[in-house]
Every structure is written in C-alpha cells, then in structure tokens.
Amino acid sequence: MSRIRHLLKQVGLDVAHGVGAVFYGMFIFTVVILIVIAILALVRYGINLL
C-alpha cells in the first residue's frame with residue numbers, strides 16, 4: 001500500500017515538474033518573441049528616422 005502511495009507521489013511530482021517546465025518554456029518563448037518584435041520595430045522606425 002505504501003509503495004503505491006509513494007508511486008503516486010512520484011508521478012504527481014513528475015507531472016508538476018512537467019507542467020512547470022511547459023509554463024516556463026511558454027514564458028521564455030513569449031519574452032523572446034516580444035524582444036524580437038521590439039528590435040524589428042526599432043530597426044524599422046530607426047531607418048525611417050534616418
């Protein structure tokens with residue numbers, strides 16, 4: 001019985017880590033896209049100003 005409980009706890013931890021990794025990856029992905037958009041906008045407006 002305790003072995004099953006331990007297994008469930010381990011699976012729960014793995015799932016929690018997986019979900020956390022996915023959210024972290026999505027966050028990094030969003031930040032990178034925002035930075036790229038900002039750089040592209042700066043380049044376009046910078047060229048227009050010149």
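The preceding data block contains the structure.
One structure accompanies this document, and this report is about it. Quantities reported herein were computed from a predicted structural model and do not represent experimental measurements.

Digging into the overall build of the chain
Here is step 1: Tallying secondary structure elements over the chain gives one helix and zero strands in all.
Here is step 2: Its C-alpha atoms give the chain a radius of gyration of 22 Å, more than 25% over the compact-globule value 10 Å for 50 residues.
Here is step 3: Within the chain, the proportion of its 50 residues that are buried is 0%.
Here is step 4: Of the roughly 5000 Å² of accessible surface on the chain, a fraction of 78% belongs to carbon and sulfur atoms.

Looking at a nonpolar patch on the surface
Here is step 1: Judged by side-chain polarity, Tyr24, Phe27, Ile28, Val31, Val32, Ile35, Val36, Ile39, Leu40, Val43 and Ile47 come together as a nonpolar surface patch covering roughly 1000 Å² of accessible area.
Here is step 2: Position of Phe27 among the secondary structure elements: in helix H1 (residues 2-49).

Description of the environment of Val19
Here is step 1: Among the structural elements, Val19 can be located in helix H1.
Here is step 2: Between the C-alpha atom of Val19 and that of Ile39, which follows or precedes it by 20 residues, the distance is 30 Å.

Criteria and thresholds
Residues numbered from 1 in each chain as written. Predicted model: local features only at pLDDT ≥ 70, side-chain atom pairs only at ≥ 80, totals over all residues. Heavy atoms only, no water. Helix = DSSP H or I, 4+ residues; strand = E, 2+ residues; numbered from the N terminus. Rg over C-alpha atoms; globule rule 2.2 N^0.38 Å. Buried < 20%, exposed > 50% of the residue type's maximum accessible area, 1.4 Å probe, protein only. Areas by Shrake-Rupley, 256 points an atom, 1.4 Å probe, with all protein chains shown as cover. Patch = residues over 30% accessible without salt bridge, like charges linked within 9 Å, V, L, I, M, F, W, Y side chains within 5 Å. Salt bridge = Lys/Arg side-chain N within 4 Å of Asp/Glu carboxyl O.

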